[in-house]
Amino acid sequence: MAKIRVADIAHGRSGDKGDTCNVGLVAYDDRGFELLKRHVTEERVKDHFGSLVKGTVSRYEMPNIKSFNFVLTRALDGGGTMSLRSDHLGKVMYAWLLRMEIEE
Amino acid sequence: MKQTVRLGAGMAFWGDSVQPAIQMVERGEIDYLCCDHLAELTMSILSKQKAKDPRFGYTRDIVDLLRGALPTCVAKGVKVVTNAGGANPRACAERIAELARELGLSGLKIACVLGDNIEDDIDRLMGEGVPFANMDTGQELAAVRERLTHACVYTGCEGIVESLEAGADIVVCGRVTDIALYLGPLIYEFGWARDDWQRLGMATIVAHCIECGGQATGGLYAGGWQDMEGLEELGYPIAEFSNDGTAVVTKTPGSGGRVDIGTVSEQLIYEILDPGNYLTADVTADFTNVTLEEVGPDRVRISGGVGRPAPATLKVNMGYRAGFIGEAQFTYTWPDAYDKAVRGMAFLRNRLKRAGFKYEDDIVEYIGWNSMFEDRIGPPEDPELMEIVVRYAARCTDAKEARKVFTECVPLYNNGPAGVAGVGTRPPLKELFALWPCLVPREYIKQSIKIVEV
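The shown structure was predicted, so the numbers you read here are calculated from the model rather than taken from an experiment.

How each quantity is defined
Residues numbered from 1 in each chain as written. Chains lettered and ligands numbered in written order. Predicted model: local features only at pLDDT ≥ 70, side-chain atom pairs only at ≥ 80, totals over all residues. Heavy atoms only, no water. Helix = DSSP H or I, 4+ residues; strand = E, 2+ residues; numbered from the N terminus. Rg over C-alpha atoms; globule rule 2.2 N^0.38 Å. Buried < 20%, exposed > 50% of the residue type's maximum accessible area, 1.4 Å probe, protein only. Phe/Tyr/Trp six-rings, centres within 6.5 Å; stacked < 30°, edge-to-face > 60°. Lys NZ or Arg CZ within 6 Å of the ring centre and 35° of its normal. Pairing = 2+ DSSP bridges. Contact = heavy atoms within 4.5 Å. Axes fitted to C-alpha atoms, helices over the stretch in contact; angles between N-to-C directions. Domains from an automatic or database assignment. Buried area = accessible area lost by both parts, 1.4 Å probe. Salt bridge = Lys/Arg side-chain N within 4 Å of Asp/Glu carboxyl O. Polar contact = N/O pair within 3.5 Å; in protein donor to acceptor, adjacent residues only side chain to side chain. Arc of directions from axis to C-beta. Core = buried A, V, L, I, M, F, W, Y, C linked by side-chain atoms within 4.5 Å.

**Q** Break down the overall build of chain A for me, citing the residues and quoting the values.
**A** When helices and strands are counted, chain A shows 3 helices and 6 strands. Taken over C-alpha atoms, the radius of gyration comes to 13 Å for chain A, in line with the 13 Å a tight globule of 104 residues would show. Once the C-alpha set of chain A is aligned to its principal axes, its extents read approximately 40 × 25 × 20 Å. When each of the 104 residues of chain A is scored for burial, the buried share is 54%.

**Q** Quick rundown of the packing of aromatic side chains? Include the residues and the values.
**A** Applying the stated criterion across every chain yields a total of 9 aromatic pairs over all chains. Here the aromatic rings of Phe-68 of chain A and Phe-70 of chain A are separated by 6.5 Å at their centres, their planes lie at 40°, and the arrangement is tilted. A centroid spacing of 5.1 Å and a plane angle of 15° characterise the contact between Phe-357 of chain B and Tyr-359 of chain B, whose relative ring orientation is stacked. Each residue in the set Phe-33, Phe-68 and Phe-70 of chain A is aromatic and connected to the rest through ring pairs, giving one cluster. When the ring centre of Phe-56 of chain B is taken as origin, the NZ or CZ atom of Arg-60 of chain B, which lies over that ring, is 4.0 Å away.

**Q** Account for the sheet that holds strand β13 (residues 306-308) of chain B, with residues named and values stated.
**A** Residue and element names in this part refer to chain B. Taken together, the 3 strands give an open sheet; going across it, the order is β9-β10-β13, and neighbouring strands pair in antiparallel fashion. Of all strands in the sheet, those bounded by a partner on one side alone are β9 (278-279) and β13. With 2 bridges connecting them, β9 and strand β10 (residues 284-286) associate as antiparallel partners. The residue bridging Tyr-278 from the neighbouring strand is Ala-285, located in β10. The strands touched by helix α8 (residues 197-210) within the sheet are β9, β10 and β13, with β13 carrying the most contacts at an inclination of about 120°.

**Q** Before we move on, could you go through the domain arrangement of chain B and cite the residues and values that matter?
**A** For chain B, the domain assignment lists domain 1 (5-116 + 154-311) and domain 2 (321-434). Placing a centre on the C-alpha atoms of domain 1 of chain B and another on those of domain 2 of chain B gives a separation of 40 Å.

**Q** Give a detailed account of the interface of chain B and chain A, specifying residues and quantitative values.
**A** If you look at the interface, chain B gives 47 residues, while chain A gives 42 residues. Contact between chain B and chain A buries roughly 3,700 Å² in total, counting both sides, with carbon and sulfur atoms accounting for 60%. The interface formed by chain B and chain A contains 2 salt bridges. Among the ionic pairs, Glu-374 of chain B bridges to Arg-85 of chain A, the shortest N-O distance being 2.9 Å. Joining chain B to chain A, the criterion identifies 22 residue pairs in polar contact (both at pLDDT 80 or more). Within the residue set of the side of chain B that touches chain A, elements represented by two or more residues are α9 (261-268), β11 (291-296), β14 (313-333), β15 (361-367), β16 (387-396) and β18 (430-441) of chain B.

**Q** Tell me about helix α2 (residues 42-49) of chain A, and name the residues and values.
**A** Residue and element names in this part refer to chain A. What α2 keeps buried is the set Val-45, His-48 and Phe-49. Down the axis of α2, the sector holding all buried residues measures 90°, keeping them to one side. In α2, the exposed positions angled more than 90 degrees off the buried face are occupied by Glu-43 and Asp-47. With its phi angle positive at about 50°, Gly-50 sits one or two positions after the end of α2.

**Q** Which residues make up the pairing of β16 of chain B, and what values do they have?
**A** The side chains of a regular strand alternate, first on one face of the sheet and then on the other. Residues and elements named next belong to chain B. The buried fraction of β16 is high, at 9 of 10 residues. Inspection of the sheet shows β14 paired to β16 by 10 bridges, in the antiparallel sense. Its bridge partner being in β16, Tyr-332 is matched across the sheet by Ile-388. Sheet analysis places β15 next to β16, joined by 7 bridges and oriented antiparallel. Following the sheet pairing, Val-364 is matched in β16 by Tyr-392.

**Q** Give a detailed account of the nonpolar core, specifying residues and quantitative values.
**A** The nonpolar side chains of a soluble globular protein tend to be buried, and buried together. Residue and element names in this part refer to chain B. Within the largest apolar cluster, 54 residues are counted, with the highest numbers of intra-cluster contacts made by Ile-160, Phe-241, Leu-268 and Ile-302. In contact with Ile-302, other than residues within four places in its own chain, are Met-202, Ile-205, Val-206, Cys-209, Thr-246, Ala-247, Val-249, Val-264, Val-290, Thr-291 and Leu-292. Ile-30, Val-78, Ala-100 and Tyr-236 belong to the second largest nonpolar core, which has 36 residues in total.

Okay, here's the thing in structure tokens:
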């Protein structure tokens, strides 16, 4: 099966709430939404972020806007104000999820 | 009663450009300009400013904004609702009154909303059984009590409604929620009941979408930034609310950016947790079945939101001093740019060790290579790599230790591997403030208002 990246079927945005990071994905079309639903699971996302996310991953669905919200806990090295990372507010975490490879 | 109430989002954070708000007042035909100036720990900084000088402690960008916008607001009857009051809404209202006089304006009522600051009430409330335990860790407040910088409650919109009922033209709040800045005017204009959860919940979703300003109109757009025109003069969003709480989101006419399903979707999913349970001081909103429809150029209708009763507790925003970050970075060039940077980093860490460096945690980032995604990215394999920037940062409990990071990296200029530049001058130390998230039952918190007349 051919591999594609999440970026081929969706765009996204990420941000912070304390040490929790949220990554929203918006599918470009219905087929993309179905692919996200099937392949971009909590387990796959947790594995994809690896050591960047020390807590849990929860996925929420907003079907009418073809979107999923991923909530990543303990994901920002202590949170926006404490983090040593350059991306202390999690603004680019979405890009890492867009790079994830899935089966078409 | 108005059929439609038009609320404009004037600011997204302290320090945001004031031009979009000024343009919106001039060209946007809005009824209210709603300005959010407070991020999670802005209150730490503002409390510090207030402690130094009781005339300060608010975000002073509101003065720049109103200097440009207030004459037009008065001429067109646009009211302003802002949380720029920060740690000192009274001083902010007084300063705005002074500005109005400077501008030759009179007949204005400026209300300030008080009651969010509970710094002086902590002991009393703890005595009455509010533990203020950390929501995330369960830890007792005693662990950080001595280091607290501020304590304020994310309060709702009742003080804003009361201010508008008292005839206020400008409402200056402290730590009310971003959402309250929008719900206040809507409750006042439409006469919604405070437990009309459906309308409040629906309107909350729209407010969430626009309260970060340019992020709803093309700013940070990942779904095709290449085609986004006019980012330099991005128009900020305006929501035209109907009495049922639904709204059409648009932006200042003739401004840059775009409002379409893509830009609105990206912002709807920004900084939310469970979309089925979005908690605010005024209502719980459910985004799950939110629906978008393009109803014209730069016009998107938002509907399908659901509201439920507000939570029994309010979130408290406390901050405490948590040490300092010491930081340094330098650039290595070809040949062997990456290997030299790794050696330079070993040099710095060895020197720090000899200097008896005490730190809690540290990080090494190779900027231009893996600074955003850390060990998710392996070392660069390209021997032709022209340059790499290496950044080291460490969290220390005291300032003296944090300063060592820079002093110990300075010898890299002469004593480390060849081909290094960009060490730069001594960076200012960054003091850290940590969040202490906790809750307070809502019956303990009472807002009050005070009106300043010009």
